[in-house]
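Coordinates in review
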Amino acid sequence: MEILLAILVGLLYASGIYMILRRSLVKLIIGIILLGNGANLLIFLLGRITKGLPPIIPENSKVFLEAYADPVPQALILTAIVISFGLQSFAIILVKRAHKVVRTDDLDEMNATDEDS
Amino acid sequence: MMQQLIIYPLLFQLFLSIVLMFFWNKINAQKVISIAGSIIAVILSSYVFYYVWENGTQKVNAGNWDAPFGIVFVADTLAVTLVLLTALSGLAVSIFSAGSVIKDRLRFGYFPIFHFLLLGLTGAFLTGDLFNLYVWFEIIIISSFVLITIGGEKAQLEGAVKYFTLNILASTIFLTAIAVLYGLTGSLNMADLAGKVAAVENRGLVEVAAILFLIGFGTKASIFPLYFWLPASYHTPPAAVSAIFGGLLTKVGVYALIRVFTLIFVGDVFLGEILMVLAILTIFSGGVGALVQNNVRKVFSYLIICHIGYMIAGLGMFTEIAITGVIFYLIHDIMVKTNLFMVSGIIFKIKSSNSMRALGGFYANYPKLSLLIFIPLFSLVGIPPLSGFWPKISLIGEGFATENYWTVAAIIFASFITLVIIAKLWAEVFWKDAKEIPEKPKFEYFSDISKARKTQFILPIVFLSLISLYIGFGAEHIQLLSSRIANELMNSQQYIDTVLNNS
């Protein structure tokens, strides 16, 4: 399971970076989304995967008796998902506006900021 | 109970932005609330600063969860100093925005978002938890995305695409670093991590995490190979927005670097050397970049990069005196860079251009204003006794003491090149004979606006110039403050004990 997830995380990072390096604006957003998902899975993976052991203390004891699934990474991922969702929706609107104003979706043609003025 | 005090500046900014949202269409009410609120924020932050100065590092456990399990807010001297500086530049930019930002932008929630940005900055300085720091960074960048795009001009949108992409990339790398560090230690509290990272056996992976932090924060602080988004975007939004970005956004990256590399990854020789090399390259590329630019705001953008190099160099040397220089420079730089972008705004308002070739004749036409602008410009160069001079003594002296001659050379080179650039700017914009610039038909010139709005342009520049003068002439006080901060940073055990003590 771990090894599969590790490969998947690597794949998501690699394809995310690759997509960001493309010239198209839409692919840029896809790249950002893939990268974000890769990071979330990485947190999940590095928080140690524990199967079927929820972090609940049994009624008749005061402390955990055995290893339990760490709830913190899941909280972190949830936060990160919400944040990246907000950012991605902003990105999509930004790209739509930029396309409307600049009339291109090629990053190499967006040179107005480098002009000498 | 008094401990709760330290999160008041943070809560107040949140409160302010929520109140402002209720006045969405009433722009004049927003201006009044924003300026009045910023004044209260300055008073609050000053009080918090005074309290921490008198009573030492304070902390608050959010939701009463004991550290290291819950989120903590820690106010050491560095944090409260930066909170105070944020409030001061916030006040200046708030007044400047009221005068300079056009109605079309204000109507789309400029002021609420502006205060959300200040909220994010205050939170980032006060938090003692790595993941919480990530969340504050996200609040900062989301607000800054809105501020940079509000208005939707062509150049703005293009600048925003570049700014957006690299900042998100930096955040993702920062998140990756947190994941690696959490996997290694199982903790997110910075004070707790300080002990746990030192005990980790897998040094290779610790190094990887450190480098990931360096890349993530380095992109935000715009250090050498990662700065290209900055000159491509900082000159596109209104001057008020550039002012708050130039003054504080890169500095929050520097703050995070200082915090992480003095608390968590301490005394790593390899990292110190990387920081030094990057600092030298940052100084050179920023300085040379500024030299060839023609747009006043682009010149200032490159100078931001150049001067970030000073702070990274001091961090790389990692001695108490070097860190003192870094902190002093940080304090000086926040005030001066905010001021300079407002100056560029006033120049644009007068002449409807920011091109050095086209401008001219300011000294003949506006002698008093020119003398006012002289203060931030030459504080930046560091002509003694103005504020930029003092931190360089610590940095250069310590460069010699630790035998980092390349760094010394780079700092002297950068000071010289800054002088050349500012002299060139002074000659082109202020001394050269005025040239005819074709009038823009719909542009509202400085001479046309009411006296009250002129005051809103000038007052913040006067305000920040006075603070810069104080930093220069009262250097003794700032030096005392910086050396106390440096001492706290170098002896982090006290910070760790304060955070982890739950009694």
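Labelled according to an unreviewed UniProt entry, chain A appears under the name Monovalent cation/H+ antiporter subunit C, originating from Zunongwangia atlantica 22II14-10F7. According to UniProt, the comment filed for chain A under the heading Sequence similarities (unreviewed entry) is "Belongs to the CPA3 antiporters (TC 2.A.63) subunit C family." UniProt, in the comment section headed Subcellular location (unreviewed entry), describes chain A in these words: "Cell membrane".

1. Remarks on the overall build of chain A
A tally of helices and strands in chain A yields three helices and zero strands. Walking chain A from its N terminus toward its C terminus, one meets helices and strands in the order α-α-α. Against the 2.2 N^0.38 benchmark of 13 Å for 117 residues, chain A shows a C-alpha radius of gyration of 21 Å, more extended than a compact globule. With the principal axes as the frame, chain A shows a C-alpha extent of 75 × 25 × 20 Å. Each of the 117 residues in chain A was classed as buried or not, and the buried ones make up 26%. Within chain A, contacts between residues at least 6 apart in sequence are counted, and of these 56% link residues at least 24 apart.

2. Quick notes on the overall build of chain B
Within chain B, the secondary structure is distributed over 21 helices and two strands. Taking 2.2 N^0.38 as the reference for a compact globule, 503 residues should give roughly 23 Å; the C-alpha atoms of chain B span a radius of gyration of 22 Å, in line with that estimate. Taken along the three principal axes of its C-alpha coordinates, chain B extends 70 × 55 × 40 Å. Among the 503 residues that make up chain B, the fraction classed as buried is 59%. Look at the contacts in chain B between residues 6 or more apart in sequence, and 80% of them connect residues 24 or more apart.

3. Things to note about the interface of chain A and chain B
Counting residues at the interface gives 30 residues for chain A, matched by 31 residues for chain B. Broken down by secondary-structure element, the contributors of at least two residues to the side of chain A that touches chain B are α2 (25-46) and α3 (71-102) of chain A. With 14 residues, the top contributor of residues to the side of chain A that touches chain B is α3 of chain A. Residue composition of the side of chain A that touches chain B, grouped by class: 21 nonpolar, six polar and three charged.

4. Regarding the UniProt feature "transmembrane region" (unreviewed entry) in chain A
Residue and element names in this part refer to chain A. Those places that UniProt annotates as "transmembrane region" (unreviewed entry) correspond, in this numbering, to residues 6-21, 28-49 and 75-95. Helix makes up 86% of residues 28-49 and strand 0%, whereas the separation of the span's terminal C-alpha atoms amounts to 31 Å. A helix fraction of 100% and a strand fraction of 0% characterise residues 75-95, whose end C-alpha atoms lie 30 Å from each other.

5. Let's talk about the nonpolar core
All names here are of chain B. Core analysis: the biggest nonpolar cluster contains 210 residues, and L126 and I178 have the highest contact counts within it. Counting residues per element, this core draws most heavily on helix α7 (residues 154-185), which supplies 18 residues. In this view, L126 contacts I6, I7, L10, F73, V74, A75, A79 and V83; residues no more than four positions away in its chain are not counted.

6. Quick notes on the confidence of the model for chain A
When the pLDDT values of chain A are averaged, the result is 87; 96% of them are 70 or greater. Put simply, α3 of chain A is where chain A has its lowest mean pLDDT, 91, and helix α1 (residues 2-21) of chain A is where it has its highest, 94.

7. A word on the environment of V326 of chain B
All names here are of chain B. Examined against the element boundaries, V326 turns out to sit in helix α14 (residues 320-351). For V326, a count of 30 C-beta atoms within 10 Å corresponds to the buried category. V326 sits 16 residues away from Y310 along the chain, and the two C-alpha atoms are 7.3 Å apart. The contacts of V326, once residues within four sequence positions are left out, are I258, M311, G314 and L315.

8. Observations concerning unusual backbone geometry
Residues and elements named next belong to chain B. Cis geometry marks the peptide bond from P384 to P385, where omega comes out at 5°. Within the secondary structure layout, P385 lies in the loop between α16 (367-381) and α17 (389-401). Residues other than glycine seldom take positive phi values, yet N64 does so here, at roughly 60°. Within the secondary structure, N64 is located in the loop between β1 (58-61) and β2 (72-75). With 8 C-beta atoms counted inside 10 Å, the residue N64 sits in the exposed group.

9. Some thoughts on helix α12 (residues 269-291) of chain B
With 23 residues, α12 of chain B extends 33 Å from end C-alpha to end C-alpha; this agrees with the ideal 33 Å at 1.5 Å per step. If you follow the buried residues of α12 of chain B, they end up packed against α9 (203-221), α11 (239-263), α13 (296-317) and α18 (405-431) of chain B.

10. A few points about helix α20 (residues 475-490) of chain B
Residue and element names in this part refer to chain B. If you check α20, its first and last C-alpha atoms are 22 Å apart, about what 16 residues at 1.5 Å a residue would give, namely 22 Å. Looking at α20, one finds that the buried residues are A475, I478, S482, I485, A486 and L489. One side of α20 holds all its buried residues, which, seen down the axis, span an arc of 100°. Projecting away from the buried face of α20 at angles above 90 degrees are the exposed residues E476, H477 and L480. Against α3 (77-100), α11, α14, α17 and α19 (451-473) lie the buried residues of α20.

11. Structural notes on the packing of α11 of chain B against α14 of chain B
Residues and elements named next belong to chain B. Orientation of α11 relative to α14, taken along the N-to-C sense of each, is 165°, at an axis distance of 7 Å. Here α11 lies roughly antiparallel to α14, going by the angle between them. Every pair of crossing elements has a handedness; the one defined by α11 and α14 is right-handed. Residue-level contacts link A239, A240, S242, A243, I244, G246, G247, L248, K251, V254 and I258 of α11 to V326, L330, D333, I334, K337, T338, F341, M342, S344, G345 and F348 of α14.

Rules of the game
Residues numbered from 1 in each chain as written. Chains lettered and ligands numbered in written order. Predicted model: local features only at pLDDT ≥ 70, side-chain atom pairs only at ≥ 80, totals over all residues. UniProt positions renumbered as here; feature names shortened; annotations may be inferred. Helix = DSSP H or I, 4+ residues; strand = E, 2+ residues; numbered from the N terminus. Rg over C-alpha atoms; globule rule 2.2 N^0.38 Å. Buried ≥ 20, exposed ≤ 12 C-beta atoms within 10 Å, placed from the backbone. Contact = placed C-beta atoms within 7 Å. Nonpolar A, V, L, I, M, F, W, Y, C, P; charged D, E, K, R; others polar. Core = buried A, V, L, I, M, F, W, Y, C linked by C-beta atoms within 7 Å. pLDDT = per-residue confidence, 0-100. Expected span 1.5 Å × (residues − 1). Arc of directions from axis to C-beta. Axes fitted to C-alpha atoms, helices over the stretch in contact; angles between N-to-C directions. Parallel < 35°, antiparallel > 145°, perpendicular 65-115°, else oblique. Left-handed = near helix turned anticlockwise from the far one by under 90°.

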